[in-house]
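Residues per chain, in single letters:
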Amino acid sequence: MKFCPECAAPIVIEIPADDTRERHVCSACKTIHYQNPKLVVGSIPVWTQDGAIKILLCKRAIEPRYGYWTLPAGFMENNETTSQAAQRETEEEAGANIALHELFSMLNVPHVNQVHLFYRATLLDLDYLAGTESLEVRLFSEQEIPWAEIAFPTVSNTLKFFFADLAKVKQGGNYELHTHDLFQAMRD
């Protein structure tokens, strides 16, 4: 940010009075322009048939991580809830009809100023279709997931949490809410 959206004066970076962090402050009107983390919200779409469980993944058609697999997810928009964002992103990226369940994972990614939220979801049918941000959309069993080709650590962590919980659920347990902090940048 270089200029104030309120009055068009130059922005300076300084620690405002009664604050402890550097902020973007207007040099004229003194408006403080806070910069906050972005929310990335998505779903874990599950299809169950004859006791076999598969997860719907999308192959990315955009950067970053073009050609890698991910859960359907994206940036939350203004004027929507996190569950609405998860539903919308699943429809946009995978063309999938889902029943959304509870929040399953919340992963903090401070080095890129993001928080990733994933909801459990049930696929209502197999009428999914790759959206403009996906090259391909496909169902995978746990054994079929291309772990080395997963786009982001938040997705691989969420999938690992899911399959660990699934084993517990099969023994009469429950799904849990998983939180995790990822402090390191990705490595190619």
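Scroll up to find the structure.
Residues numbered from 1 in each chain as written. Predicted model: local features only at pLDDT ≥ 70, side-chain atom pairs only at ≥ 80, totals over all residues. Heavy atoms only, no water.

Peer 1: Explain the environment of Trp47 to me, please; I cannot follow it from the model alone.
Peer 2: Looking at the secondary structure, you find Trp47 in strand E4 (residues 38-49). Residue Trp47 is classed as buried on the basis of its relative accessible area of 19%. It is 9.8 Å that separates the C-alpha atoms of Trp47 and Ile98, two residues lying 51 residues apart in sequence. The contacts of Trp47, once residues within four sequence positions are left out, are Ala52, Ile53, Lys54, Leu123, Leu124, Asp125, Leu126 and Leu139. (Helix = DSSP H or I, 4+ residues; strand = E, 2+ residues; numbered from the N terminus. Buried < 20%, exposed > 50% of the residue type's maximum accessible area, 1.4 Å probe, protein only. Contact = heavy atoms within 4.5 Å.)

Peer 1: Teacher, can you tell me more about the pattern of salt bridges here?
Peer 2: Any two side chains of opposite charge can pair if their charged atoms end up close together. Counted under the stated rule, the structure contains nine salt bridges. Between Glu80 and Arg88 there is a salt bridge, and its shortest N-O distance comes to 2.8 Å. The class of Glu80 is buried, set by a relative accessible area of 15%. With a shortest N-O distance of 3.3 Å, Glu136 and Arg138 are connected by a salt bridge. Taking relative accessible area as the criterion, Arg138 reaches 37% and is therefore assigned partly exposed. Ionic contacts of the salt-bridge type, sharing partners, join the residues Glu80, Arg88, Glu89 and Glu92 into one network. (Salt bridge = Lys/Arg side-chain N within 4 Å of Asp/Glu carboxyl O.)

Peer 1: Explanation requested: unusual backbone geometry in the structure shown.
Peer 2: Excluding glycine, residues mostly have negative phi values, and the peptide bonds linking residues are mostly trans. In this structure, Pro64 follows Glu63 across a cis peptide bond, with omega equal to 0°. The topology assignment puts Pro64 in the loop between strand E5 (52-60) and strand E6 (69-70). The phi dihedral of Asp50 is positive, around 50°, even though this residue is not glycine. By secondary structure assignment, the location of Asp50 is in the loop between E4 and E5. Judged by relative accessible area, which is 80%, Asp50 ranks as exposed.

Peer 1: So what exactly am I meant to see when it comes to the packing of aromatic side chains here?
Peer 2: Given two aromatic rings, their pairing is described by the distance between the two centres and the angle made by the two planes. Following the criterion strictly, the structure yields five aromatic pairs and no others. Pairing Trp69 with Phe140 gives two aromatic rings, centres 4.9 Å apart and planes at 80°, and the pair type is edge-to-face. Taken together, the residues Trp69 in strand E6 and Phe140 in strand E10 (residues 134-140) connect sequence positions 71 residues apart. Accessibility assignment for this pair places Trp69 and Phe140 in one class, buried. Look at Phe162 and Tyr175: their rings are 5.7 Å apart centre to centre, the planes differ by 15°, and that puts the pair in the stacked class. Separated by 13 residues along the polypeptide, Phe162 in helix H2 (residues 153-170) and Tyr175 in the loop between H2 and strand E11 (178-181) bring together distant segments of the chain. (Phe/Tyr/Trp six-rings, centres within 6.5 Å; stacked < 30°, edge-to-face > 60°.)

Peer 1: Looking at this structure, I do not really get the state of the cysteines. What am I missing?
Peer 2: Working definition of a disulfide: a covalent bond connecting the sulfur atoms of two cysteines. The full count for this structure, using the stated rule, is zero disulfides. Cysteine Cys29 is unpaired, with the sulfur of Cys26 as its nearest cysteine sulfur at 3.5 Å. On the accessibility criterion, Cys29 (36% relative accessible area) is partly exposed. (Disulfide = S-S within 2.5 Å.)

Peer 1: What's the story with the sheet that holds strand E3 (residues 32-33) in this structure? I'm lost.
Peer 2: Sheet strands pair by backbone hydrogen bonding; their relative direction is either parallel or antiparallel. Pairing within the open sheet is antiparallel, and its three strands lie in the order E1-E2-E3. Every interior strand has two partners, whereas the edge strands, strand E1 (11-14) and E3, have only one. (Pairing = 2+ DSSP bridges.)

Peer 1: Looking at this structure, how should I read the nonpolar core?
Peer 2: Nonpolar side chains tend toward joint burial in soluble globular proteins. In terms of nonpolar packing, the biggest core is built from 25 residues, with Ile44, Ile55, Leu57, Leu71, Leu159 and Phe162 touching the most fellow members. Looking at this core, the elements with two or more residues in it are E4, E5, strand E8 (98-109) and H2. Ranked by residues supplied to this core, first place goes to H2 with six residues. Grouped together as the second largest cluster of nonpolar side chains are 10 residues, Leu56, Ala94, Leu123 and Val137 included. (Core = buried A, V, L, I, M, F, W, Y, C linked by side-chain atoms within 4.5 Å.)

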